[in-house]
Amino acid sequence: AQTVTQSQPEMSVQEAETVTLSCTYDTSESDYYLFWYKQPPSRQMILVIRQEAYKQQNATENRFSVNFQKAAKSFSLKISDSQLGDAAMYFCAYSYTGTASKLTFGTGTRLQVTL
Amino acid sequence: ETGVTQSPTHLIKTRGQQVTLRCSSQSGHNTVSWYQQALGQGPQFIFQYYREEENGRGNFPPRFSGLQFPNYSSELNVNALELDDSALYLCASRDRDRGFNEKLFFGSGTQLSVL
């Protein structure tokens with residue numbers, strides 16, 4: 001069975017600074033996807049960034065980038081130039097390519113952004 | 001705005017009762033999946049439906065059941081409610097036939113409290 005582990009229950013960053021959220025996972029599959037989702041108080045899951053396991057290049061989306069280390073099964077999210085609107089719960093998630101709608105989530109990291 | 005709406009937003013039930021939660025997906029989204037998110041946890045996959053048939057199930061008992069309708073709406077039914085069923089229930093939909101690259105769209109969830 002696949003597992004996703006987020007070992008940082010809470011993180012804090014000052015506005016305009018950079019923060020990195022950690023995630024490790026375990027799977028026996030070779031072809032899969034990894035995701036970071038943001039859940040604000042509105043409760044709706046918002047996709048932040050996605051990484052295909054077969055791609056060596058790390059995904060980037062504007063201020064968000066990942067450090068994907070396949071051999072170490074590590075998938076961290078870096079948020080640059082943090083903004084107040086980035087404050088939310090962040091979930092790391094895994095999906096086997098054959099079951100695209102079935103996501104396995106970690107327990108989340110609550111990110112606070114301070115002035 | 002994801003185009004996925006869930007109703008009701010909040011619900012209070014008593015142990016032993018039955019509940020029906022509803023989800024309305026975007027037109028063309030032939031796959032819907034349901035997740036249970038307990039307080040302080042990441043969402044857990046309950047099951048998914050593709051073209052009105054169950055097509056994958058997580059580790060949930062048979063008293064959790066679902067339906068998907070041709071008009072892109074769906075239901076999650078839970079019988080014999082237990083206190084541990086108190087959680088946020090999220091639905092997510094996508095057009096599976098357009099391939100894995102198609103995003104999963106989440107609703108804002110139904111907060112169920114079982115007393």
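Note: the structure precedes this text.
An account of the accompanying structure is given in this report.

1. Overview of the environment of A:Thr20
All names here are of chain A.
Then, number 1: Within the secondary structure layout, Thr 20 lies in strand S3 (residues 19-21).
Then, number 2: Judged by relative accessible area, which is 35%, Thr 20 ranks as partly exposed.
Then, number 3: On a C-alpha basis, the gap between Thr 20 and Ser 80 in space is 8.7 Å, while along the polypeptide they are 60 residues apart.

2. A few points about the packing of aromatic side chains
Then, number 1: In total, this model carries 15 aromatic pairs over all chains according to the counting rule given.
Then, number 2: Their ring planes at 55 degrees and their centres at 5.9 Å tell us that A:Tyr37 and A:Phe105 sit as a pair that is tilted. On the criterion of sequence distance, the pair formed by A:Tyr37 in strand S5 (residues 32-39) and A:Phe105 in strand S11 (residues 104-105) is long-range, its members being 68 residues apart.
Then, number 3: A relative accessible area of 8% means that A:Phe105 is categorised as buried.
Then, number 4: When the ring of B:Phe47 is compared with that of B:Tyr49, the centres are 5.4 Å apart and the planes differ by 90 degrees; the resulting orientation is edge-to-face.

3. Quick notes on unusual backbone geometry
Residue and element names in this part refer to chain B.
Then, number 1: In the segment running from Ser 7 into Pro 8, the intervening peptide bond is cis, with an omega of -10 degrees.
Then, number 2: Mapped onto the elements, Pro 8 comes out in the loop between strand S1 (5-7) and strand S2 (10-13).
Then, number 3: Backbone geometry at Glu 52 places phi at a positive 75 degrees, although glycine is not the residue there.
Then, number 4: On the basis of relative accessible area, Glu 52 is assigned to the partly exposed category, the value being 42%.

4. A look at the state of the cysteines
Then, number 1: Enumeration over the complete set of coordinates arrives at 2 disulfides over all chains.
Then, number 2: Between the sulfur atoms of A:Cys23 and its disulfide partner A:Cys92 the distance amounts to 2.0 Å. Disulfide A:Cys23-A:Cys92: the torsion about the S-S bond is -70 degrees, which places it as left-handed. Here A:Cys23, found in the loop between S3 and strand S4 (24-26), pairs with A:Cys92, found in strand S10 (residues 88-96); they are 69 residues apart in sequence, far enough to count as distant.
Then, number 3: For A:Cys23, a relative accessible area of 1% translates into the label buried.
Then, number 4: Judged by its relative accessible area of 0%, A:Cys92 is buried.
Then, number 5: Each sulfur of the disulfide joining B:Cys23 and B:Cys91 lies 1.9 Å from the other. Of note, the bridge from B:Cys23 to B:Cys91 carries an S-S torsion of about 65 degrees and is right-handed in sense. Here B:Cys23 is found in strand S3 (residues 19-24), whereas its partner B:Cys91 is found in strand S9 (residues 87-94), with 68 residues between them in sequence.

About the criteria used
- Residues numbered from 1 in each chain as written.
- Chains lettered and ligands numbered in written order.
- Predicted model: local features only at pLDDT ≥ 70, side-chain atom pairs only at ≥ 80, totals over all residues.
- Heavy atoms only, no water.
- Helix = DSSP H or I, 4+ residues; strand = E, 2+ residues; numbered from the N terminus.
- Buried < 20%, exposed > 50% of the residue type's maximum accessible area, 1.4 Å probe, protein only.
- Phe/Tyr/Trp six-rings, centres within 6.5 Å; stacked < 30°, edge-to-face > 60°.
- Disulfide = S-S within 2.5 Å.

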